[in-house]
Amino acid sequence: MKVLVTGGAGFIGSHTVVELLSEQHETLILDNYRNSSPEAVRRVRELSNGRVTAQEADILDTQNLSCIFAEFQPDAVIHFAGLKAVGESTMNPLLYYRQNIEGAISLLEAMDRNGCSDIVFSSSATVYGEPDYLPLDEAHPLRPANPYGKTKYFIEEMLRDWCAADKHKSAIALRYFNPVGAHASGRIGEDPNGIPNNLMPFISQVAVGKRERLKIFGNDYDTHDGTGVRDYIHVVDLARAHVAAVNALVRIDGFEPVNLGTGQGYSVLDVLHAFEKASGRTIAHAFAPRRPGDVAASYADPTRARQLLGWKAELGLDEMCISSWNWQRQNPDGYAGS
Ligand code: NAD
Ligand code: UD1
């Protein structure tokens with residue numbers, strides 16, 4: 001299949017393109033490099049024997065997007081492009097509504113103009129908000145608690161309506177839990193700007209000596225050791241789920257939300273100890289107050305992904321930590337260091 005990948009130079013997009021190519025799909029990366037680097041594309045090319053095409057473009061430019069669609073004629077789209085920082089979205093909500101929601105409308109319009117009717121969308125487990133029960137299944141009520149999460153929820157609703165208006169359209173919204181890890185080669189990985197907000201990149205930067213110590217946000221949660229529990233999922237497993245979703249689009253009609261997680265929750269201390277084992281380094285840490293907006297525990301019921309996509313996560317916490325460390329050690333300054 002011909003697959004157009006928006007945001008394909010980013011963390012999850014770059015890993016997905018590698019997996020798409022290994023399954024012989026033809027891909028075009030479309031990215032404005034707002035939160036990524038052309039170096040990531042160069043490395044994807046290196047890992048895939050040069051079969052990658054990429055075009056610098058902004059998804060908000062519908063006219064240009066439409067020309068790219070007319071030329072490439074994709075069978076399907078994987079839509080990663082967007083902004084993803086929860087804190088920034090709270091401070092600048094209109095930026096998030098403009099970039100994420102208008103970006104999605106622009107993309108769907110370009111698809112309509114060019115007769116492309118199949119899309120896989122990067123949603124997030126953040127659409128669930130505070131869990132009523134665990135594990136979280138797709139029927140759990142949706143009540144995102146910040147503008148970033150709301151953009152994911154609104155785009156899902158838009159996709160639902162887009163599909164309802166035309167029975168030939170298909171959309172799969174993949175609700176990721178906590179993507180971590182890196183490609184086994186250590187050539188591509190997560191490259192956050194500035195101080196990482198998320199746990200795994202922060203721990204990696206402590207291990208490599210770029211940050212002094214990890215602050216653990218809360219040790220009084222109702223969890224097995226008092227620290228927050230999450231469903232970490234290896235980015236290579238996540239990437240393979242996108243390939244499974246693209247393959248499933250031909251047999252699915254309408255809108256389908258699907259959780260992507262392992263179903264297993266780990267605490268902050270579990271991750272810290274696994275990372276210490278993987279890296280052979282001690283991770284300095286201190287307990288700090290809870291981070292506003294955090295929940296005690298969140299993990300997926302991954303049954304639907306298995307039923308609908310024939311996919312399940314294969315890689316465990318040790319592989320997540322080993323690959324994160326391998327990437328961090330080889331690229332202490334991310335892509336900027338090359
Ligand atoms: P990322 O920032 O690494 O990748 C996003 C890519 O989109 C970047 O390469 C960026 O340059 C590009 N982009 C942004 N705005 C664009 C625009 N207007 N036009 C063209 N390109 C644009 O993020 P990621 O971690 O790879 O996440 C990919 C998607 O998955 C995002 O939509 C994110 O919200 C979602 N998601 C991520 C996580 C996570 O923890 N990483 C969790 C849940 C959902
Ligand atoms: C965060 C976002 C979520 C987003 C997800 C993936 C918030 C409130 N939620 O989720 O919307 O989809 O990232 O991008 O920002 N922790 C520490 N110290 C740190 C960093 C994290 O103790 O320096 C803890 C957190 O309190 C949490 C766990 O580690 O218990 C995981 O945190 P993180 O990686 O930021 O993911 P989420 O909070 O699940």
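This report concerns the structure included in the present document.

Rules used in this analysis
Residues numbered from 1 in each chain as written. Chains lettered and ligands numbered in written order. Predicted model: local features only at pLDDT ≥ 70, side-chain atom pairs only at ≥ 80, totals over all residues. Heavy atoms only, no water. Pairing = 2+ DSSP bridges. Helix = DSSP H or I, 4+ residues; strand = E, 2+ residues; numbered from the N terminus. Axes fitted to C-alpha atoms, helices over the stretch in contact; angles between N-to-C directions. Core = buried A, V, L, I, M, F, W, Y, C linked by side-chain atoms within 4.5 Å. Buried < 20%, exposed > 50% of the residue type's maximum accessible area, 1.4 Å probe, protein only. Contact = heavy atoms within 4.5 Å. Near = heavy atom within 4 Å. Polar contact = N/O pair within 3.5 Å; in protein donor to acceptor, adjacent residues only side chain to side chain. Areas by Shrake-Rupley, 256 points an atom, 1.4 Å probe, with all protein chains shown as cover. Nonpolar A, V, L, I, M, F, W, Y, C, P; charged D, E, K, R; others polar.

1. Regarding the sheet that holds strand E1 (residues 2-6)
Part 1: If you trace the seven strands from one edge of the open sheet to the other, you get E3-E2-E1-E4-E5-E6-E11, paired in parallel fashion. In this open sheet, the two strands that pair with only one neighbour each are strand E3 (53-56) and strand E11 (254-260). Sheet twist, expressed as the mean angle between neighbouring strand axes with direction ignored, is 20°.
Part 2: Sheet topology places E1 next to strand E2 (residues 26-31); five bridges connect them, and they run parallel.

2. Digging into the nonpolar core
Across soluble globular proteins, nonpolar side chains show a tendency to be buried alongside one another.
Part 1: Grouped together as the largest cluster of nonpolar side chains are 46 residues, with contacts concentrated most on Ile-172, Leu-174, Leu-260, Leu-309 and Trp-311.
Part 2: Looking at this core element by element, the count peaks at nine residues for helix H8 (residues 235-248).
Part 3: Once you skip the residues sitting within four places of it in the chain, Leu-309 turns out to touch Ile-172, Leu-174, Ala-241, Ala-244, Ala-245, Ala-248, Val-258 and Arg-304.

3. A short note on the site of ligand 2
Part 1: By nearness alone, 17 residues border ligand 2, and Leu-199, Lys-215, Arg-230, Arg-291 and Asp-294 come closest of all.
Part 2: A distance of 2.9 Å is found between an oxygen atom of ligand 2 and a backbone nitrogen or oxygen belonging to Phe-217.
Part 3: Coverage of ligand 2 by the protein amounts to 86% of the 750 Å² it exposes when considered alone.
Part 4: Here the element with the most residues in the shell around ligand 2 is strand E8 (residues 214-217); it accounts for four residues.
Part 5: When its residues are assigned to classes, the shell around ligand 2 shows seven nonpolar, six polar and four charged.

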